[in-house]
Amino acid sequence: MAWLTSIRQHADRITHVLIDDRFAGNPPAEALPCLNWFAIWFAETPPANALIAAQEEAAFEQVQRSLVDLAQQHADGWAVYGLRVMSYGIAEYYFYSRDESTLAGVQVELERAHPGYRIEHASKVDASWAVYKKFLPPS
């Protein structure tokens, strides 16, 4: 597995993209057609020249770990984490799963474990993995 990282202009913002490129050539779209988006807003306002406040990095690392761990537990092997897009004040995580209910309970548990963070979750069918492909580096 190779995680690629890049800084990009996306819409009206600078983003730090982290993408697992092992799915670039042949995503498991038939088995995992559902896109799950999780957004986590940072608890502290970052300085103008950074995406996250330095004093929050360690705590936010725990939130990220919790998200991935909870997703693994809920998915029982039926989801993959393939993409993170971080921009000023927010980190967005993209998982592909078997169906829209696979990761349905993750948000509530994550909010319980980390009450200082605003967390959102949405899911939709993305059978072509279009969102993931949009962030792949040009070949």
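Residues numbered from 1 in each chain as written. Predicted model: local features only at pLDDT ≥ 70, side-chain atom pairs only at ≥ 80, totals over all residues. Heavy atoms only, no water.

1. Describing unusual backbone geometry
- Unusually for a residue other than glycine, Asp-76 sits at a positive phi of about 50 degrees.
- Along the chain, the position of Asp-76 falls in the loop between helix H1 (57-75) and strand E4 (79-87).
- Unlike most non-glycine residues, Trp-129 shows phi in positive territory, near 55 degrees.
- Tracing the sequence through the fold places Trp-129 in the loop between strand E6 (118-125) and helix H3 (130-134).
- For Trp-129, a relative accessible area of 0% translates into the label buried. (Helix = DSSP H or I, 4+ residues; strand = E, 2+ residues; numbered from the N terminus. Buried < 20%, exposed > 50% of the residue type's maximum accessible area, 1.4 Å probe, protein only.)

2. Here we look at the sheet that holds strand E2 (residues 13-20)
- Ordered in space as E1-E2-E4-E5-E3-E6, the 6 strands form an open sheet in which the pairing is antiparallel. Whereas interior strands pair on both sides, the edge strands pair on one side only; in this sheet they are strand E1 (3-10) and E6. Between one strand and the next, the sheet's axes are offset by a mean angle of 20 degrees, whatever the strand orientation.
- The pairing of E2 with E4 spans 5 bridges and is antiparallel. Looking across to E4, one finds that Val-17 is bridged to Val-85. (Pairing = 2+ DSSP bridges. Axes fitted to C-alpha atoms, helices over the stretch in contact; angles between N-to-C directions.)

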